[in-house]
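The lines below spell out each chain.
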Amino acid sequence: LPLVPGRTPPVSFEEALASGVLAIGLVASPSRLAQVRRQRLEALGDRAPGYAEPEQIRDEVSQSRLFFARHSLPVIDVTRRSIEETAAEVQALLRSHRARQAGGEALR
C-alpha cells in the first residue's frame, strides 16, 4: 500500500493493523527515490511538479518513517537491497511474527 502525501490510508488498513496483521514499511533513501522518479518521468515524458524534487521526497520519507513508528511497524531500507534480499527479510519478519502470535496464543 503506497503512502501518498495528503491522503490518509484506507480505514480498512488501519483496522487490519489494529487487528494484529503484519505490515512492513519499505523505505529508500531520498536520493535513490529522486533518481527513480526522474527516470520514470523521463520515460513517461511527464513533468509532474514536485514529484522528483529532493526536498519533497525527504519530507515524504520522513512522514513515512513517522507513520511506521506510530504503528510500531518494522522497516526495511531497500535502497541498496536486491529484491531477493528484501524478500528474505520479509520472510524472516513473517516467521518471527507468526512465532510471537503462536506464543501469545499458548499463553491464553
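Look up a bit, the structure's there.
Keep in mind that this is a model prediction, so the values were computed, not measured.

Peer 1: What should I look at first to understand the environment of Thr8 in this one?
Peer 2: Within the secondary structure layout, Thr8 lies in the segment before helix H1 (11–18). Along the primary structure Thr8 and Ser64 are separated by 56 residues, whereas in three dimensions their C-alpha atoms are 12 Å apart.

Peer 1: For this particular structure, what's the right way to read helix H2 (residues 30–44)?
Peer 2: Given 3.6 residues per turn, any residue in an α-helix points the same way as the ones three and four places further on. Counted at 1.5 Å a residue, the expected span for H2 with its 15 residues is 21 Å, and the 21 Å between its end C-alpha atoms agrees. Every buried residue of H2 is listed here: Ala34, Arg37 and Leu41. Buried residues of H2, viewed axially, fall in a sector of 70°; they line one side. Those residues of H2 that are exposed and angled more than 90 degrees off the buried face are Glu42 and Ala43. The elements touched by buried residues of H2 are helix H3 (54–70).

Peer 1: Got a minute to help me understand unusual backbone geometry in this structure?
Peer 2: Residues other than glycine predominantly adopt negative phi, and peptide bonds predominantly adopt the trans conformation. Phi at Ser72 is positive, roughly 55°, even though this residue is not glycine. Of note, Ser72 is situated in the loop between H3 and strand S2 (75–77). The class of Ser72 is exposed, set by a relative accessible area of 62%.

Peer 1: When you look at the nonpolar core in this model, what are you seeing that I'm missing?
Peer 2: Nonpolar side chains tend toward joint burial in soluble globular proteins. Counting 7 residues, the largest nonpolar core is built from Phe13, Leu17, Ala23, Val27, Phe67, Phe68 and Leu73. Residue assignment for this core shows that the elements contributing at least two residues are H1 and H3. In this structure, Phe13 is in contact with Leu1, Ala23 and Phe67, ignoring residues within four places of it in sequence.

Criteria and thresholds
- Residues numbered from 1 in each chain as written.
- Predicted model: local features only at pLDDT ≥ 70, side-chain atom pairs only at ≥ 80, totals over all residues.
- Heavy atoms only, no water.
- Helix = DSSP H or I, 4+ residues; strand = E, 2+ residues; numbered from the N terminus.
- Expected span 1.5 Å × (residues − 1).
- Buried < 20%, exposed > 50% of the residue type's maximum accessible area, 1.4 Å probe, protein only.
- Arc of directions from axis to C-beta.
- Contact = heavy atoms within 4.5 Å.
- Core = buried A, V, L, I, M, F, W, Y, C linked by side-chain atoms within 4.5 Å.

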